[in-house]
Amino acid sequence: MIMKKIKVTLRKKSISKGRLSLYLDFYPPYFNAQTGEYSRREFLRLHLIAKPKSQADKIINHENWHIAELICAKRQNEVNKDHIYTPFEIEQLKKQKVMEASFLDYFRKQADLKEGNNRIIWDSSIAHFEMFRAGKPTVFSDMTVELAEGFKAYLLSAKSLRENGKPLSRNTALSYFNKLKATLRKAYKQQMLQNDVNAAVDSIPEYEAKRDFLTREEAIALFHAPCKKEIVKRISLFSILTGLRYSDIAKLSWGEVHYSKSTGAGISFRQEKTEGWELLPISEEAYMLLGERKDDKEKVFSGLKKWDVDRILPVWVAEAGIKKHITFHCFRHTYATLQVSAGTDIFTVSKMLGHKNVRTTQVYAKLVDEKKRAAAGKITFVSENKISGY
């Protein structure tokens, strides 16, 4: 076995701001063809945090040390004419090849697995990531905690690519950033990443947007009010009775609808937004809104057009005497709020809505509490300006 002439050692040196600079030590010195001189040290422009205080600090240290080890292994072979690879070096070179693969291509492949509106969200997330990277090629070794945090900061101040430069809402930025986190999580699971970057980076906090909904009296008024298109009225009432999103109602097929005398009516479908498979029991009243059963492959609400809903819904709501700004998604909020108001427990409502986390559903309990508090002050024996005189 041919022995190597030059030994390359990875070392650390204390520098300012509590950091350790990483460098290579060559013994004996090797001839550097670029400088024309013999070299004993090569500083790698990488550093460690001497006293890591957080998990993110530890991951940064681990990433930089790993990169330095790869450079060290590479230099060990470069400075010796006889390239003899140890098992460790071979393994490191394999990992280096993976780390040099395109992360952006991998990100796009994850989007290719999605459909419908969810695919549009993934594509938007990737488009923003490309803008954040300013056209630079992105490989797996680039995907560090710092880069992920940088993309998060970018999204929080970015402008929409579809709404004429309007700033992204907090929840839209959250949705886009979660697509990157999901990709990082999968890449780590498939050993494409050496560190769990996803786990080290917190998501964007969700902004609790105002949720408009109908009271029970308003929902009944809407039921009795005439609507210019029957299909718009049917899907709206169906959403109030089931909590389904427009996207899930629009794609619902008869093969997903089930009915038996013993168990009643129900639907089984994959949610457009979460891609989760749901088994949802529905009331007899909701089942009646579906109409006459047809072939399993046919859509339940055939002929439905989103443009009709957007155009007719505001007029119908106004003619029912409702002064609130009601969109179709408000029917989902109405379902949840009425269920909680009727005494259905949060866990059950969460399951019925298909939420992955019950915390998402708890906002409806807050809405009901606010209504209770408002109602508490409606009964009084004195005028408002005399209450302070008690």
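Throughout what follows, the structure given in this document is the object of discussion. No experiment lies behind these values; they were computed from the predicted model shown. (Residues numbered from 1 in each chain as written. Predicted model: local features only at pLDDT ≥ 70, side-chain atom pairs only at ≥ 80, totals over all residues. Heavy atoms only, no water.)

## Some points on the overall build of the chain
Convention followed: Think of it this way: any DSSP run of H or I at least four residues long counts as a helix, any run of E at least two long counts as a strand, and we number them from the N terminus. Accessibility here uses a 1.4 Å probe with only protein chains present; expressed as a share of the type maximum, an area under 20% marks a residue as buried, one over 50% as exposed, and anything in between as partly exposed. Whether two residues touch is decided by their heavy atoms; if any such pair falls within 4.5 Å, the residues are in contact. All accessible areas in this document rest on Shrake-Rupley with a 1.4 Å probe, and a residue is counted as covered only by the protein chains that are shown.
Broken down by element type, the chain carries 15 helices and six strands. When each of the 390 residues of the chain is scored for burial, the buried share is 43%. Across the chain, every contact between residues at least 6 apart in sequence was considered, and the portion connecting residues at least 24 apart equals 60%. As displayed, the chain offers around 23700 Å² of accessible surface, 54% of which is attributable to carbon and sulfur atoms.

## Comments concerning the nonpolar core
So the rule is basically this: The nonpolar core is taken to be a set of buried Ala, Val, Leu, Ile, Met, Phe, Trp, Tyr and Cys residues, with the residues joined through side-chain atoms within 4.5 Å.
Core analysis: the largest hydrophobic core is formed by 40 residues, its most contacted members being L222, I235, F238, I282, L290 and F301. Within the residue set of this core, elements represented by two or more residues are α9 (230-242), α10 (246-250), β5 (264-270), β6 (277-282), α11 (284-288), α12 (306-319) and α13 (329-341). Tallying contributions element by element places α9 first for this core, with six residues. With sequence-adjacent residues up to four places away left out, L290 is seen in contact with R234, F238, W254, V257, I282, V300 and F301. I60, Y106, L168 and A200 belong to the second largest nonpolar core, which has 34 residues in total.

## Thoughts on the side chain of S125
Examined against the element boundaries, S125 turns out to sit in helix α4 (residues 116-133). In this structure, S125 is in contact with F107, F151, Y176, K179 and L180, ignoring residues within four places of it in sequence.

## Some thoughts on unusual backbone geometry
It is generally the case that most residues other than glycine have a negative phi and that most peptide bonds are trans. Residue P28 is reached from Y27 by a cis peptide bond, and omega for that bond is -10 degrees. Along the chain, the position of P28 falls in strand β2 (residues 19-32). In this structure, K17 takes a positive phi of about 60 degrees despite not being glycine. Within the secondary structure layout, K17 lies in the loop between β1 (7-15) and β2.

## Overview of the pattern of salt bridges
To be explicit about the condition: One side-chain nitrogen of Lys or Arg within 4 Å of one carboxyl oxygen of Asp or Glu is enough to make a salt bridge.
Per the counting criterion, the structure on display carries 16 salt bridges. Here R75 ties to E42 by a salt bridge, and the two come within 2.8 Å at their closest N and O atoms. Remark: E42 occurs in strand β3 (residues 37-49) and R75 occurs in helix α1 (residues 55-78); sequence separation between them is 33 residues. As a salt-bridge pair, K306 and D310 come within 2.8 Å of each other at their nearest N and O atoms. Placement of the pair is K306 and D310 together in helix α12, with a separation of four residues, close to one helical turn. Note on K306: relative accessible area 38%, which makes it partly exposed. Bridged by salt links that share partners, the residues R11, D25 and R40 form one connected network.

## As for the pairing of β5
Put simply, the rule is: For two strands to pair, DSSP has to find at least two bridges joining them.
In terms of burial, β5 is a largely internal element, six of the seven residues being buried. Across four bridges, the pairing between strand β4 (residues 257-260) and β5 is antiparallel. Along β5, the bridge assignment pairs V257 with I267.

## Some points on helix α3 (residues 103-112)
Along an α-helix, residues three or four positions apart point the same way, because every turn accommodates 3.6 residues. We apply this condition: Throughout, the arc means that of the directions going from the helix axis to the C-beta atoms. Polar contact is the term for a pair of N or O atoms within 3.5 Å; when the atoms are in protein, one must be able to donate a hydrogen and the other to accept it, and sequence-neighboring residues count only if both atoms are side-chain atoms.
All buried positions along α3 are accounted for by F103, L104, Y106, F107, Q110 and A111. Along α3, the residues classed as buried sweep out an arc of 160 degrees about the axis, all on the same side. Residues of α3 that are buried in the fold lie against α4 and α6 (170-189). Between the side-chain oxygen at the start of α3 and the backbone nitrogen of L104 there is a gap of 3.4 Å, and the oxygen is on S102.

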